[in-house]
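# Residue-level structure breakdown
Spelled out, the chains give:
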Amino acid sequence: MPRPSDAFGHMVRDHFRSGDAVEVIERDDGYIDTTAGAEAYFAPHDVWPPTKQAAIALVRGRVLDVGCGAGRVCLHLQERGLDVVGIDISPLAVETCRERGVRDACVLSITRVSRSLGIFDTVVMMGNNFGLFGNRQRARWLLRRLAGMTTADARIIAETMDPYMSDNPDHAGYHDCNRRRGRMGGQIRLRVRYKSHVGAWFDYLFVSKAEMSEILDGTGWRVAQFLESGGPGYIAVIEKAAT
């Protein structure tokens with residue numbers, strides 16, 4: 001078997017250069033699907049859904065964009081005059097960000113964030129990137145770390161999806177299988193495929209609102225409000241908890 005490649009990055013770069021790319025997601029039970037496509041990673045602010053526009057309006061101060069992808073959030077925040085640092089594990093995605101004009105983007109996993117990046121007022125996790133926390137234990141560990149590299153009145157703007165708001169029996173069966181394995185129902189193990197490129201397997205966490213609140217408890221953070229999309233997707237505005 002070939003070594004895992006930067007499948008996501010190849011997809012992003014190809015879309016940037018040719019405007020045509022399809023992202024395929026493979027789950028560890030063999031389920032395969034396509035995503036909304038590369039076009040979503042490049043969408044300008046004026047075509048974002050109202051929920052996303054409302055959420056991004058709450059961003060303030062110095063910003064960390066976790067999982068910056070093709071740079072759509074970074075570019076919008078730069079236009080607003082904010083100081084934003086974008087991080088992504090994909091070298092080609094970061095390269096694309098820089099080509100598109102993102103001033104500060106670097107290749108970095110969420111597990112490697114630290115105070116060496118500086119102190120932030122807002123952490124942005126759009127595009128379902130609450131999922132990058134991976135699992136309950138890692139989420140709680142990283143939330144405590146983020147608490148130590150953010151200001152006292154900092155916010156996390158985190159987008160995710162309630163995995164249980166689905167009538168797809170393939171998803172319901174996968175949730176049950178996860179629980180039997182001691183995992184959260186929405187703890188998805190997946191990889192990205194694009195043309196001949198196959199990415200590495202990784203965990204991506206989808207949670208209900210109750211599960212998110214439970215994960216945050218005791219980490220120094222709390223949910224201030226949920227912004228509803230009218231479907232399974234939602235955005236949480238997370239703020240520092242009172243001590």
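Just above sits the structure.
Presented here is an overview of the structure given in this document. Bear in mind that the values here come from a model prediction, so they are computed numbers and not experimental data. (Residues numbered from 1 in each chain as written. Predicted model: local features only at pLDDT ≥ 70, side-chain atom pairs only at ≥ 80, totals over all residues. Heavy atoms only, no water.)

Structurally, Thr-150 can be placed in strand 7 (residues 150-161). There is a polar contact of 2.7 Å between the side chain of Thr-150 and the backbone oxygen of Leu-146. Separated by 3.1 Å, the side chains of Thr-150 and Lys-240 make a polar contact. (Helix = DSSP H or I, 4+ residues; strand = E, 2+ residues; numbered from the N terminus. Polar contact = N/O pair within 3.5 Å; in protein donor to acceptor, adjacent residues only side chain to side chain.)

Take the sheet that holds strand 12 (residues 233-240) next. Here 7 strands make up an open sheet; going across it, the order is 5-4-3-6-7-12-11 and the pairing mixed. The open sheet has two edge strands with one neighbour each: strand 5 (105-107) and strand 11 (221-228). Averaged over all pairs of adjacent strands, the angle between their axes in this sheet comes to 20 degrees, without regard to strand direction. Its contacts with the sheet put helix 4 (residues 72-79) on strand 3 (63-66), strand 4 (84-88) and strand 6 (120-125), and the angle it makes with strand 4 is roughly 175 degrees. Those strands touched by helix 8 (residues 209-216) are strand 7, strand 11 and strand 12, and its axis lies near 160 degrees from that of strand 11. (Pairing = 2+ DSSP bridges. Axes fitted to C-alpha atoms, helices over the stretch in contact; angles between N-to-C directions. Contact = heavy atoms within 4.5 Å.)

With that settled, the discussion passes to helix 4. Helix 4 sits mainly inside the fold: 7 of its 8 residues count as buried. Residues Arg-72, Val-73, Cys-74, Leu-75, His-76, Leu-77 and Gln-78 constitute the buried set of helix 4. Residues of helix 4 that are buried in the fold lie against helix 2 (39-42), helix 3 (50-56), strand 3, strand 4, helix 5 (91-100) and strand 6. Gly-81 sits one or two positions beyond helix 4 and adopts a positive phi of about 90 degrees. (Buried < 20%, exposed > 50% of the residue type's maximum accessible area, 1.4 Å probe, protein only.)

Mapped onto the secondary structure, Asn-129 falls in the loop between strand 6 and helix 6 (136-147). Only 3.2 Å separates the side chain of Asn-129 from the backbone oxygen of Val-66, close enough to count as a polar contact. A polar contact of 3.0 Å, which involves the side chain of Asn-129, links it to the side chain of Tyr-204. Excluding residues within four positions of it along the chain, Asn-129 makes contact with Val-66, Gly-67, Glu-159 and Tyr-204.

If you walk through the whole model with that rule in mind, you get 14 salt bridges. Between Asp-28 and Arg-181 there is a salt bridge, with the nearest N and O atoms lying 3.5 Å from each other. Of the two residues, Asp-28 is situated in the loop between strand 1 (24-27) and strand 2 (32-34) and Arg-181 in the loop between helix 7 (169-180) and strand 8 (187-194); the sequence distance between them amounts to 153 residues. (Salt bridge = Lys/Arg side-chain N within 4 Å of Asp/Glu carboxyl O.)

Attention now goes to the pairing of strand 8. Judged by how many residues are buried, strand 8 sits mostly within the fold: 6 of 8 residues are covered. Two elements, strand 1 and strand 8, share 4 bridges in a ladder whose sense is antiparallel. Bridging from a neighbouring strand, Glu-26 pairs with Arg-191 of strand 8. Here strand 8 pairs with strand 9 (residues 197-198) via 2 bridges, running antiparallel. Bridged to Arg-193 within strand 9 is Val-198. In textbook terms, the turn of a hairpin is the stretch between consecutive antiparallel strands, and for strand 8 and strand 9 this stretch comprises 2 residues, one of which, Lys-195, has a positive phi near 50 degrees.

Core analysis: the largest hydrophobic core is formed by 32 residues, its most contacted members being Leu-64, Phe-133, Leu-146, Ile-156 and Met-212. For this core, the secondary structure elements donating two or more residues are strand 3, strand 4, strand 6, helix 6, strand 7, helix 8, strand 11 and strand 12. Of the residues forming this core, the biggest block, 4 residues, is contributed by helix 6. Excluding anything up to four places from it in sequence, Phe-133 contacts Ile-110, Met-125, Arg-138, Ala-139, Leu-142, Leu-143 and Leu-146. In terms of nonpolar packing, the next biggest core, distinct from the first, is built from 23 residues, Ala-43, Ile-56, Val-59 and Met-126 among them. (Core = buried A, V, L, I, M, F, W, Y, C linked by side-chain atoms within 4.5 Å.)

Between two packed helices, both the angle of their axes relative to each other and the distance between the axes serve to describe the pair. Two elements in contact, helix 6 and helix 8, have axes whose closest approach is 9 Å; the angle formed by their N-to-C orientations is 55 degrees. By the angle between their directions, the pair helix 6 and helix 8 is classed as oblique. Judged by the sense of rotation from one axis to the other, the crossing of helix 6 with helix 8 is right-handed. Residues Arg-136, Ala-139, Arg-140 and Leu-143 of helix 6 lie in contact with helix 8, whose contacting residues are Glu-214, Ile-215 and Leu-216. The class makeup of the residues in the contact of helix 6 with helix 8 is 4 nonpolar, no polar and 3 charged. (Parallel < 35°, antiparallel > 145°, perpendicular 65-115°, else oblique. Left-handed = near helix turned anticlockwise from the far one by under 90°. Nonpolar A, V, L, I, M, F, W, Y, C, P; charged D, E, K, R; others polar.)

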